[in-house]
Amino acid sequence: MKKSWTAGAAFLALLGAAGGGAQADPAVSPVQMSQVGFETQGPKTATVPDTSPRPLPWRITDTAGKVVAQGQSKVFGPDAASGHSVHIVDFQSLQTDGQNYRLTVGNHESRPFSILQRPHAALKYDALAYFYQNRAGVPILASHVSRPDLTRAAGHPHEVAACFSGADTAGVIWPGCDYTLDVTGGWYDAGDHGKYVVNGGVSVWMLLNAYERAAALKSPGAAAFADGKVNIPEAGNGVNDLLDEARYEIEFLLKMQVPDGVKLTLPVGTQTPGQPLNLVEVDAGGMVHHKVHDAQWTAIPMAPADDPQPRLLYPPSTAATLNLAAVGAQCARIWREIDPAFARQCLTASQRAFRAALRNRDVRAGEHFAGGGAYGDQDFSDEFYWATAELLATTGNPAYLTALKTSPYFLGGPLSGKSATGDPAWARTAALGSLTLATVPGALSPGDLVTVRANIVAAARSYVQEGYGQGYGLPFAGTDYDWGSNGALMNRAVILASAFDYTGDWNYRNAVIWVLDYLLGRNPLDRSYVTGYGDRPVLNPHHRFWAHQADPAYPLAPAGALSGGPNNRAMSDDVAKNLSGRCAPQTCWADDINAYALNEVAINWNAPLVWVAAFIDDR
Ligand code: 9MR
């Protein structure tokens with residue numbers, strides 16, 4: 001971020017964000033707060049850009065215009081992440097449910113807002129509906145969507161794919177393989193129609209962990225997704241609907257596994273641009289294809305059923321193989337009693353994958369295929385830890401514990417342990433292993449359980465502190481907003497929420513609210529990044545079917561999809577390039593379907609949104 005950034009540029013960024021949409025945006029509010037409302041007893045904060053060095057008087061009026069709360073703002077001053085000089089108003093003391101409250105700070109007046117018992121009650125269902133609506137292989141039916149224009153024909157209903165062969169964009173010749181796989185099903189990754197095992201694995205894990213967390217706590221939330229609660233075709237089959245949705249992807253992941261006895265020529269070790277790949281023939285049986293996607297990128301708009309491109313399997317990788325090892329193990333313990341045959345299938349696949357990864361420890365994804373994202377990862381020590389933790393939690397086999405103890409991540413938290421895990425991310429999965437060990441009853445000895453939970457709580461404690469240093473209250477102190485920053489914040493909220501679960505300390509839950517408030521409107525763009533939520537929701541995410549902005553014959557997005565969010569690190573699309581250098585970190589974003597680096601939607605961002613929304617309403 002350039003230091004020379006000015007308030008004028010902020011204004012331009014706001015205009016950029018508001019302009020060009022298929023639907024008119026309401027005016028930017030001078031008072032930024034959650035546009036969805038506040039919990040009766042929860043934290044209530046608003047941020048007001050104002051350069052006054054002295055506190056401003058504030059008051060809240062109710063529907064009748066009566067003043068129900070008042071005080072003085074806290075002068076925060078210049079805030080690097082937003083580029084604004086701001087004041088913060090804390091009105092947690094107002095604990096009377098109501099609608100049409102207004103907050104006036106100095107001469108700035110907010111939109112009407114509400115205080116409710118459970119303002120986030122619907123979010124978990126809308127966030128989960130994202131997954132049904134991005135299913136491949138089946139038609140999206142009127143009975144399961146909120147508007148007729150969201151229905152569509154099945155995309156890729158007979159997806160029998162051959163392996164990529166021939167030259168990639170860097171001129172590397174790939175030999176292909178002598179089999180095809182029927183990989184019909186699963187979820188499309190994002191705005192594109194690719195299906196990537198690496199990202200699919202972490203997304204499934206997140207949904208399954210939401211289930212395991214609530215089950216272990218025996219909290220009211222354990223019933224939130226009980227059979228029939230979610231409007232999906234499987235409702236009524238006697239199985240929890242969150243599990244039904246996750247299984248739709250697991251079945252696809254299982255299909256991506258290489259048959260036994262197959263030898264493939266794969267790139268082993270470091271890949272240096274400009275240098276030839278180290279292509280080695282290996283025993284690839286049990287490995288997992290990294291991804292399946294179109295031979296070439298398709299245009300926007302594009303309903304999945306209209307995709308004219310051939311679908312191809314791309315070479316197996318160690319990362320994809322360990323994703324299946326991890327999620328297969330998680331599946332095996334969850335379905336053990338629900339569907340023993342499926343559980344056995346999952347465990348067999350998991351163990352086959354794990355053995356294959358041990359044989360092929362450093363097979364990296366090729367970075368030069370057209371038509372899809374790379375999800376290239378260079379370090380698999382975190383995936384090994386994650387998969388081993390899942391297998392231990394499922395089988396209790398002491399051999400896995402012995403192996404786990406040799407990992408630098410053993411019992412690590414995001415910021416501490418022998419090696420810090422970082423927050424969960426598609427390329428950083430060690431935190432998932434630690435969360436599983438901290439969640440699944442009996443996975444660890446009591447002493448080790450205390451340690452892993454303490455390491456997770458230590459990160460949460462530090463994140464809360466970060467929040468106190470932010471003008472918009474975000475428990476993230478950095479000024480690097482990566483591709484999918486909103487998804488990253490959701491993953492951080494999972495850490496904060498888990499710390500609340502382990503300790504009962506409400507400060508951690510409050511910090512989860514800070515994250516939700518930011519996503520739902522308390523941000524310098526006055527934007528709700530969740531479609532269908534708030535007064536100024538994102539309208540034009542980068543998505544090939546929810547492509548109303550590109551062509552009015554296509555639908556607007558349904559409610560509950562999370563925009564990737566501000567990105568000042570990899571401003572690669574044309575809209576982002578235009579903003580580059582003249583936006584503060586939290587304002588490097590635009591509501592434009594072409595802004596794939598800023599405004600795409602994706603399974604790995606919506607999955608932690610489901611987790612967090614379920615957590616926050618779990619009372
Ligand atoms: O989320 C991914 C992000 O971390 C990467 O920086 C980016 C560029 O490689 O790719 C993102 O993932 C995209 C994937 O490659 C293809 N489908 C859409 C995903 C979200 O933008």
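Preceding block: the structure.
Residues numbered from 1 in each chain as written. Predicted model: local features only at pLDDT ≥ 70, side-chain atom pairs only at ≥ 80, totals over all residues. Heavy atoms only, no water.

Student: Would you mind showing me how to read the overall build of the protein chain here?
Tutor: Helix and strand counts for the protein chain come out as 15 helices and 18 strands. In summary, the protein chain has a C-alpha radius of gyration of 24 Å against a globular reference of 25 Å for 619 residues, a match within 12%. Expressed as lengths along the three principal axes of its C-alpha atoms, the size of the protein chain is roughly 75 × 55 × 50 Å. Split into buried and exposed, the 619 residues of the protein chain put 61% on the buried side. (Helix = DSSP H or I, 4+ residues; strand = E, 2+ residues; numbered from the N terminus. Rg over C-alpha atoms; globule rule 2.2 N^0.38 Å. Buried < 20%, exposed > 50% of the residue type's maximum accessible area, 1.4 Å probe, protein only.)

Student: Where do I start with the sheet that holds strand β14 (residues 195-196) in this structure?
Tutor: The strands that make up a sheet are held in pairs by hydrogen bonds between backbone atoms, and each pair lies either parallel or antiparallel. Spatially, the five strands line up as an open sheet ordered β13-β10-β18-β17-β14, and their pairing is mixed. What marks the edges here is a single partner per strand, and that holds for β13 (180-182) and β14. Examined bridge by bridge, strand β10 (residues 160-163) and β13 share three bridges and lie antiparallel to one another. When the sheet's bridge partners are listed, A162 is paired in β13 with T180. Along the sheet face, helix α5 (residues 318-334) touches β17 (288-294) and β18 (311-317) and points at about 105 degrees away from the line of β17. (Pairing = 2+ DSSP bridges. Contact = heavy atoms within 4.5 Å. Axes fitted to C-alpha atoms, helices over the stretch in contact; angles between N-to-C directions.)

Student: What is the right way to read the nonpolar core from this model?
Tutor: The nonpolar side chains of a soluble globular protein tend to be buried, and buried together. The biggest cluster of nonpolar side chains holds 163 residues, and the ones touching the most others in it are F131, L207, I250, W335, L496 and V512. Excluding its chain neighbours within four sequence positions, the residues that come into contact with F131 are W187, L207, E245, I603, N606, A607 and V610. Counting 17 residues, the second-largest nonpolar core is a separate cluster that includes L56, L94, Y101 and I115. (Core = buried A, V, L, I, M, F, W, Y, C linked by side-chain atoms within 4.5 Å.)

Student: For this particular structure, what's the right way to read the site of the ligand?
Tutor: Around the ligand, the neighbouring residues are D189, A190, D192, Y196, G373, A374, Y375, W426, W483, E600 and W605. Note that an oxygen atom of the ligand is positioned 3.0 Å from one of the side-chain N or O atoms of W483. Coverage of the ligand by the protein amounts to 77% of the 460 Å² it exposes when considered alone. (Near = heavy atom within 4 Å. Polar contact = N/O pair within 3.5 Å; in protein donor to acceptor, adjacent residues only side chain to side chain. Areas by Shrake-Rupley, 256 points an atom, 1.4 Å probe, with all protein chains shown as cover.)

Student: Got a minute to help me understand the packing of helix α12 (residues 506-519) against helix α15 (residues 603-616) in this structure?
Tutor: For any two helices packed against each other, one specifies the inter-axial angle together with the distance between the axes. Between α12 and α15, the least distance of the axes is 11 Å, while the angle of their chain directions is 130 degrees. One element, α12, and the other, α15, form an angle in the oblique class. Considering the relative orientation of α12 and α15, their crossing is left-handed. Here α12 contributes R509, V512, I513 and L516 to the contact with α15, which in turn contributes V612, F615 and I616. Residues that form the contact of α12 with α15 fall into these classes: six nonpolar, no polar and one charged. (Parallel < 35°, antiparallel > 145°, perpendicular 65-115°, else oblique. Left-handed = near helix turned anticlockwise from the far one by under 90°. Nonpolar A, V, L, I, M, F, W, Y, C, P; charged D, E, K, R; others polar.)

Student: Honestly, the packing of aromatic side chains in this entry has me stumped. Any pointers?
Tutor: What characterises a pair of aromatic rings is the spacing of the ring centres plus the angle enclosed by the ring planes. Taken as a whole and judged by the stated rule, the model has 26 aromatic pairs. Relative to Y400, the ring of F354 lies with its centre 5.9 Å away and its plane at 70 degrees, an arrangement referred to as edge-to-face. Of this pair, F354 sits in helix α6 (residues 340-359) while Y400 sits in helix α8 (residues 398-405), and the two are 46 residues apart along the sequence. The pair F354 / Y400 is uniform in exposure class, with both members buried. With a centroid separation of 6.2 Å and an interplanar angle of 35 degrees, the aromatic rings of Y518 and Y529 are classed as tilted. (Phe/Tyr/Trp six-rings, centres within 6.5 Å; stacked < 30°, edge-to-face > 60°.)

Student: Please clarify how the sheet that holds strand β6 (residues 84-90) should be interpreted in this entry.
Tutor: One open sheet holds the three strands; their spatial order is β2-β6-β5, and the pairing between them is antiparallel. Both edges of this open sheet fall to β2 (45-49) and β5 (74-79), since each of them pairs with a single strand only. Across the sheet, the axes of successive neighbouring strands diverge by a mean angle of 30 degrees, strand direction being ignored.

Student: Which parts of the structure should I look at to understand the environment of A320?
Tutor: For A320, the location among the structural elements is in helix α5. Between the C-alpha atom of A320 and that of Y196, which follows or precedes it by 124 residues, the distance is 8.3 Å.

Student: What am I meant to see in the state of the cysteines here?
Tutor: What makes a disulfide is a covalent bond joining the sulfur atoms belonging to two cysteines. In this structure the tally under the stated criterion is three disulfides. The partner cysteine of C583 in its disulfide is C588, sulfur to sulfur 2.1 Å. Between C583 and C588, the S-S dihedral sits near 100 degrees, and the bridge is therefore right-handed. Described in terms of the sequence order of its bonded cysteines, the disulfide pattern of the protein chain is 1-2, 3-4, 5-6. (Disulfide = S-S within 2.5 Å.)

Student: Can you walk me through the pairing of strand β3 (residues 57-61) in this structure?
Tutor: Across a regular strand the side chains alternate sides, sitting on one face of the sheet and then on the other. Pairing of β3 with strand β4 (residues 67-72) involves five bridges; the strand directions are antiparallel. Bridging across to β4, I60 finds its partner in A69. Where β3 folds back on β4, the antiparallel hairpin that results is connected by five residues, among which G65 adopts a positive phi of roughly 85 degrees. Strand direction decides the pairing type here: β3 and strand β7 (residues 98-105), joined by four bridges, are antiparallel. Bridge pairing in β7 links I60 to L103.

Student: What's the story with the side chain of Q257 in this structure? I'm lost.
Tutor: You can see Q257 is positioned in the loop between α4 (241-255) and β15 (263-267). Residue Q257 is classed as buried on the basis of its relative accessible area of 8%. In terms of polar contacts, Q257 uses its side chain to reach the backbone carbonyl oxygen of A349, at 3.2 Å. Excluding residues within four positions of it along the chain, Q257 makes contact with L181, G286, M287, V288, L324, A349, R352 and A353.

Student: Before we go on, may I ask you to explain helix α11 (residues 485-503) in this structure?
Tutor: With 19 residues, α11 ought to run about 27 Å at 1.5 Å a step, and its terminal C-alpha atoms sit 27 Å apart, in line with that. Of all 19 residues in α11, 16 are buried, a share of seventy percent or more. G504 lies just past α11 and shows a positive phi near 75 degrees. (Expected span 1.5 Å × (residues − 1).)

Student: Sorry if this is basic, but what is going on with the pattern of salt bridges here?
Tutor: Pairing between side chains becomes possible if they bear opposite charge and their charged atoms approach one another. Taken as a whole, this structure holds 31 salt bridges when the rule is applied. The closest approach of N and O atoms between R135 and E245, which form a salt bridge, is 2.9 Å. With R135 in the loop between α2 (123-133) and β10 and E245 in helix α4, this pair connects stretches of sequence that are 110 residues apart. The exposure classification of R135 matches that of E245, with both residues buried. In this structure, R213 and D501 form a salt bridge, with 2.5 Å as the shortest nitrogen-oxygen distance. Of this pair, R213 sits in helix α3 (residues 197-217) while D501 sits in helix α11, and the two are 288 residues apart along the sequence. Via salt bridges that share partners, D25, R111, D526, R527, R536 and D591 belong to a single interconnected network. (Salt bridge = Lys/Arg side-chain N within 4 Å of Asp/Glu carboxyl O.)

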